[in-house]
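Tertiary structure, described
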Amino acid sequence: MKMRMHLIVLSVFTCTWVSCSKEPEAPLNIVESKNVTEVEQELLNTVNNYRISMGKNGLEFNSVAYQNANIHTDYMIAKGAMSHDNFTARASNISAEVAAEFVAENVAKDYSTATEAFKGWLKSAKHKRTMEDNFTHTAVSVKKDAEGKLYFTQIFYR
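Below is a summary of the structure that appears in this document. (Residues numbered from 1 in each chain as written. Predicted model: local features only at pLDDT ≥ 70, side-chain atom pairs only at ≥ 80, totals over all residues. Heavy atoms only, no water.)

**Notes on the overall build of the protein chain**
- Helix and strand counts for the protein chain come out as six helices and four strands.
- Put simply, the protein chain runs from its N terminus to its C terminus through helices and strands in the order α-α-β-α-α-β-α-α-β-β.
- Residues classed as buried in the protein chain amount to 39% of the 158 residues present.
- Only carbon and sulfur atoms are counted for the fraction: they give 57% of the accessible area of the protein chain, which is about 9700 Å². (Helix = DSSP H or I, 4+ residues; strand = E, 2+ residues; numbered from the N terminus. Buried < 20%, exposed > 50% of the residue type's maximum accessible area, 1.4 Å probe, protein only. Areas by Shrake-Rupley, 256 points an atom, 1.4 Å probe, with all protein chains shown as cover.)

**Brief notes about the sheet that holds strand β2 (residues 103–109)**
- Reading across from one edge, β1-β3-β4-β2 is the order of the four strands in this open sheet, with mixed pairing throughout. Lying at the two open borders of the sheet, with one neighbouring strand each, are β1 (60–61) and β2.
- Two strands pair when backbone bridges link them, and β2 and strand β4 (residues 150–157) are joined in this way by seven bridges, in the antiparallel orientation. Note on β4: the bridge partner recorded for valine 107 is threonine 153. (Pairing = 2+ DSSP bridges.)

**Some words on the nonpolar core**
- Counting residues in each nonpolar core, the largest one holds 20 residues, and the members touching the most others are Val39, Leu43, Val47, Val142 and Phe152.
- Breaking this core down by element, the ones donating at least two residues are α2 (37–53), β2, α5 (114–123), β3 (137–144) and β4.
- Considering every element that reaches this core, the biggest residue donor is α2, with five residues.
- In this structure, Val64, Ile94, Ala100 and Ile155 belong to the second largest nonpolar core, which totals eleven residues. (Core = buried A, V, L, I, M, F, W, Y, C linked by side-chain atoms within 4.5 Å.)

**Some details on the pattern of salt bridges**
- Counting across every chain of the model gives eight salt bridges.
- One salt bridge in this structure joins glutamate 132 and lysine 128, with 3.4 Å as the shortest N-O distance. One end of the pair, glutamate 132, and the other, lysine 128, are both in helix α6 (residues 125–132), four residues apart, so they sit about a helical turn from each other.
- For lysine 128, a relative accessible area of 32% corresponds to the partly exposed category.
- One salt bridge connects arginine 158 with aspartate 133, and the closest N-O pair in it is separated by 3.6 Å. Taken together, the residues arginine 158 in the segment after β4 and aspartate 133 in the loop between α6 and β3 connect sequence positions 25 residues apart.
- Assessed through its relative accessible area of 26%, arginine 158 is described here as partly exposed. (Salt bridge = Lys/Arg side-chain N within 4 Å of Asp/Glu carboxyl O.)

Below, the structure written as structure tokens:
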């Protein structure tokens with residue numbers, strides 16, 4: 001009887017473990033999408049104008065942050081979802097190249113204009129705080145997926 005009970009418990013554990021195990025994800029096919037530079041510039045100007053209206057400094061564009069933002073925007077398009085995946089690696093890359101002491105980012109999807117993305121960030125306490133924080137540099141990447149939907153990544157650092 002004791003042996004039978006151990007076998008039942010072992011069977012239940014094995015079935016539960018196997019059914020809850022996560023399948024390994026297939027690698028993403030990341031393709032470099034074309035930047036929508038007009039929207040990028042509009043969003044950069046909108047965020048800077050907002051900061052200046054609050055008595056904060058305007059943010060200086062940085063090419064290292066832009067490169068990292070572009071890579072992440074392409075990643076989100078390949079994934080088909082907005083995410084902060086791999087943020088620590090992006091922040092480390094930027095810090096190593098420009099000696100940044102603090103890095104943050106805002107991401108967005110499903111907005112058709114820079115103004116809509118900006119207003120969406122304003123409605124989120126965390127995104128708003130990021131736009132208002134004591135940063136000195138930024139870069140904005142905006143790209144379209146195959147269906148024409150915009151993906152946004154803005155990286156900030158000081």
